Amino acid sequence: MTPSHSNKPVKDDIGYLEHRQLKRGAAGWVLLAGLGVAYVISGDFAGWNLGLAQGGWGGLLIAFVLMGIMYTCMVFGLAELSSTLPAAGAGYGFARRALGPLGGFATGMAVLIEYAVAPAAIAIFIGGYIEALGLFGLTNSWPVYLVTYAVFIGIHLRGVGEALKMIFAITAVAVVALAAVVIGLIPHFNPANLFDIVPDGSPTSSAFLPMGISGVLAALVYAIWFFLAVEGVPLAAEETANPKKDMPRGIIVAVLILVIFGSLMLILVPGAAGASAMSGSDNPLPEALRLAYGGNTILADFVNYAGLAGLVASFFSIIFAYSRQLFALSRAGYLPKWMSLTGKRRTPYWALIVPGTIGFILAATTGNGALLINIAVFGATVSYVLLNLSHIVLRRKEPDLPRGYRTPGGVVTTAIALVLAAVAVIATFVVDVFAASITAALFGAALLYYWFYSRHRVVAGAPEEEFAQLAAAEAELKS
């Protein structure tokens, strides 16, 4: 019944897990939907517009549609998986059950790369918004990143209930800002502005696709920024009141909201200020308003300040996500066990601090948001391939497993997402082959760490491991 790699006695597991518990019942479906939007909402304020430089408006539009389909299909699969296997490991736990310990670890590490690097990119965009306001003479530099990490990791150390409620409030401010952008830019929308990037002369280039068909592939990386990290909602499963009902509702509502906001920003911001002007901006929304109105306005300043709230919401919530992913991998013994220790407030303090330190170093040393987006997207898309594959395999392998929610279209839905995710992995090499290759090498090194070291030290009593042991026991009884 117990897999050979799980060699820790159950008696020891009980005491071990007492110091690795999260606070239960802290979030219902409304907070989960807010968390899903918060994970991603910074993508509406900055980052996506860099895709205009890669594929023009037409290329980014096609990429947005394709990635919107991918995320929608994948989220339906995740809604099923999270209602079936509710544990803090989320993607790692799903893949662990479907693909075995190596597949679980690979998925967890890919997600961890995504969540550790994405806040570093967001910190750079926060610096850009602060510099645009001219506050205290601050520039987009390391002191801003240091304060951002220190303050928001500190709040998370206070406790999950406080953190989730604050995320929800900050996200509400950001949503108001996006509504203000829509209202402010509609009168200045001109379709001609969408096509003001000069075609590069390649065989398939045009006003609609100035970089040709290849530009669509490159733009996929930045279209993903409209949605990246919404798949992190299931990481709150152990802290949810009723995961079988709350998880599907929360994550599906979140992705629908994100599709609406992403569509509005993609059309109105370059449509009012020009695709060329927006293609390199690190604060595109307030800059679009300033260009549209011929100078600074109260509305532009409001969006600039409130845009900081949107960036902070994603930064703040992805800190929650990376800490829970690292917590789960460490608790199960895949990564050093000291990283999953929790304090009196049931918060995993090392799992908050270690990736935060790495993210700060990346932001301070590179200062390149586009580079960090590509690294984060590489981790994300690799995990998407494995997550969608997990849904398909689990449907085939355990068709009778009790499911609180069933994906519309079944494995066909997640197969569509899997194919699109695989294409997106390739796109990261098109945008920056060096960064993608280095990230792939680090991912490979992590797999070697698992194979030669951590697979012999897995904790049998961790929730994700218990799920796998129950499945193995049931299969043995049936045989």
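The structure presented is a predicted model; accordingly, all values stated were derived computationally and were not measured.

Each value, and the rule that gives it
Residues numbered from 1 in each chain as written. Predicted model: local features only at pLDDT ≥ 70, side-chain atom pairs only at ≥ 80, totals over all residues. Heavy atoms only, no water. Helix = DSSP H or I, 4+ residues; strand = E, 2+ residues; numbered from the N terminus. Buried < 20%, exposed > 50% of the residue type's maximum accessible area, 1.4 Å probe, protein only. Lys, Arg positive; Asp, Glu negative; His and termini not counted. Salt bridge = Lys/Arg side-chain N within 4 Å of Asp/Glu carboxyl O. Contact = heavy atoms within 4.5 Å. Polar contact = N/O pair within 3.5 Å; in protein donor to acceptor, adjacent residues only side chain to side chain. pLDDT = per-residue confidence, 0-100. Phe/Tyr/Trp six-rings, centres within 6.5 Å; stacked < 30°, edge-to-face > 60°. Expected span 1.5 Å × (residues − 1). Arc of directions from axis to C-beta.

Novice: In this structure, what is going on with the side chain of Asp 44? I would like to understand it.
Specialist: By secondary structure assignment, the location of Asp 44 is in helix H3 (residues 42–45). Despite being buried, Asp 44 has no salt bridge partner; Arg 290 is the closest side chain of opposite charge, sitting 18 Å away. Asp 44 has contacts with Leu 178, Phe 226, Phe 261, Gly 262, Met 265 and Leu 285, leaving out every residue within four places of it along the chain.

Novice: Would you take a moment to explain the side chain of Thr 413 for this structure?
Specialist: Relative to the helices and strands, Thr 413 is located in helix H15 (residues 411–431). Separated by 2.5 Å, the side chain of Thr 413 and the backbone oxygen of Pro 408 make a polar contact. Not counting chain neighbours up to four residues away, the residues in contact with Thr 413 comprise Cys 73, Phe 76, Thr 407 and Pro 408.

Novice: Any chance you could explain the confidence of the model for the protein chain here in plain terms?
Specialist: Reading predicted coordinates in detail is not appropriate for stretches of low pLDDT. For the protein chain, mean pLDDT is 85; residues scoring 70 or higher make up 86% of the total. This model gives residues 1–11 a pLDDT under 50, and the stretch forms 25 contacts once residues within four places in sequence are excluded. Note that pLDDT drops below 50 for residues 20–26; the model gives that stretch 31 contacts with residues more than four away or on any other chain.

Novice: In this structure, what is going on with the packing of aromatic side chains? I would like to understand it.
Specialist: Note on aromatic pairs: each is described by the distance of the centres and the angle between the planes. Applying the stated criterion across every chain, the model contains 20 aromatic pairs. Pairing Phe 378 with Phe 429 gives two aromatic rings, centres 6.0 Å apart and planes at 80 degrees, and the pair type is edge-to-face. Within this pair, whereas Phe 378 is found in helix H14 (residues 369–397), its partner Phe 429 is found in helix H15, the two being separated by 51 residues in sequence. Residue Phe 429 is classed as partly exposed on the basis of its relative accessible area of 29%. Following the ring pairs from residue to residue traces out a cluster consisting of Trp 48, Phe 64, Tyr 71, Phe 226, Phe 227 and Tyr 384.

Novice: Just checking my understanding: could you explain helix H16 (residues 433–452) for this structure?
Specialist: The periodicity of an α-helix, 3.6 residues per turn, causes residues three or four positions apart to be oriented the same way. For H16, with 20 residues, the first-to-last C-alpha span of 28 Å sits near the 28 Å given by 1.5 Å per residue. Those residues of H16 lying buried are Ala 435, Ala 436, Thr 439, Phe 443, Ala 446 and Tyr 450. Down the axis of H16, the smallest arc covering the buried residues is 95 degrees, so these residues share one side. Among the exposed residues of H16, those pointing more than 90 degrees away from its buried face are Val 433, Phe 434, Leu 448 and Phe 452. Against helix H5 (91–133), H14 and H15 lie the buried residues of H16. Near the N-terminus of H16, the side chain that reaches the backbone nitrogen of Phe 434, with its oxygen 3.2 Å away, is that of Asp 432.

Novice: Explanation requested: the environment of Val 175 in the structure shown.
Specialist: With respect to the helices, strands and loops of the structure, Val 175 is situated in helix H7 (residues 160–185). The exposure class assigned to Val 175 is partly exposed, which follows from its relative accessible area of 28%. Taking C-alpha positions, Val 175 is 8.2 Å from Ile 41, a pair spaced 134 residues apart along the chain. Here Val 175 is in contact with Ile 41 and Phe 261, once residues within four sequence places are set aside.

Novice: Help me understand unusual backbone geometry, please; the structure alone is not making it clear to me.
Specialist: A negative phi holds for most residues other than glycine; trans holds for most peptide bonds. The phi angle at Ala 229 is positive, at roughly 95 degrees, despite the residue not being glycine. Relative to the helices and strands, Ala 229 resides in the loop between helix H8 (212–223) and helix H9 (243–273). For Ala 229, a relative accessible area of 0% gives the class buried.

Novice: I keep staring at the pattern of salt bridges and nothing clicks. Help me out?
Specialist: In this structure the tally under the stated criterion is four salt bridges. Across the pair Glu 80 and Arg 395 runs a salt bridge whose closest N-O atoms are separated by 2.9 Å. Of this pair, Glu 80 sits in helix H4 (residues 51–84) while Arg 395 sits in helix H14, placing them 315 residues apart in sequence. A relative accessible area of 2% places Glu 80 in the buried class. A residue is classified by how much of its surface remains accessible, and Arg 395, at 16% relative accessible area, is buried. One salt-bridge network, held together by shared partners, links Glu 80, Arg 395 and Arg 403.

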